[in-house]
Amino acid sequence: QVQLVESGGGLVQPGGSLRVSCAASGSIVSINAMGWYRQAPGKERELVALITRGGVVTSADSVKGRFTISMDNAKNTVYLQMNSLKPEDTAVYYCYLRNPRGTKWGQGTQVTVSS
């Protein structure tokens, strides 16, 4: 069993910054990719950013230039640095892991952008 431990969510003012982290532990086997999805009320869950173990990044157009994803392979941890946050970024952010056995989701962490 793989465990994903998320941290760093919270309340931020528009234009502010936040960094969320997700550390994988347990029966990881190996990591093919880790990333972040988000879901706002009444909307479908959408990809925010994904990074492969080799460092290939995929991200949503809405966050390009503002969000940066990175992976620390030694720590089995993925980070999402969120800058210039907007109210429309408000959502539950879910950590995602893909390994040879399948996929794993984190419990979700709330990010609220409001003044």
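In the block above lies the structure referred to throughout.
What counts, and where the lines are drawn
Residues numbered from 1 in each chain as written. Predicted model: local features only at pLDDT ≥ 70, side-chain atom pairs only at ≥ 80, totals over all residues. Heavy atoms only, no water. Helix = DSSP H or I, 4+ residues; strand = E, 2+ residues; numbered from the N terminus. Buried < 20%, exposed > 50% of the residue type's maximum accessible area, 1.4 Å probe, protein only. Pairing = 2+ DSSP bridges.

1. As for unusual backbone geometry
Part 1: The backbone of Asn-76 sits at a positive phi, close to 50°, despite the residue not being glycine.
Part 2: Within the element layout of this structure, Asn-76 appears in the loop between β7 (67–72) and β8 (77–82).
Part 3: For Ser-84, which is not glycine, the phi dihedral falls at a positive 50°.
Part 4: Assignment of secondary structure puts Ser-84 in the loop between β8 and β9 (91–99).
Part 5: We classify Ser-84 as partly exposed; its relative accessible area is 40%.

2. Some remarks on the pairing of β8
Part 1: Taking burial as the measure, the 6 residues of β8 include 5 buried ones, the bulk of the element.
Part 2: In the sheet, strand β3 (residues 18–26) pairs with β8 via 6 bridges, with the strands oriented antiparallel. Counted as the bridge partner of Cys-22 is Val-78 from β8.
Part 3: Examined bridge by bridge, β7 and β8 share 6 bridges and lie antiparallel to one another. Following the sheet pairing, Thr-68 is matched in β8 by Gln-81.

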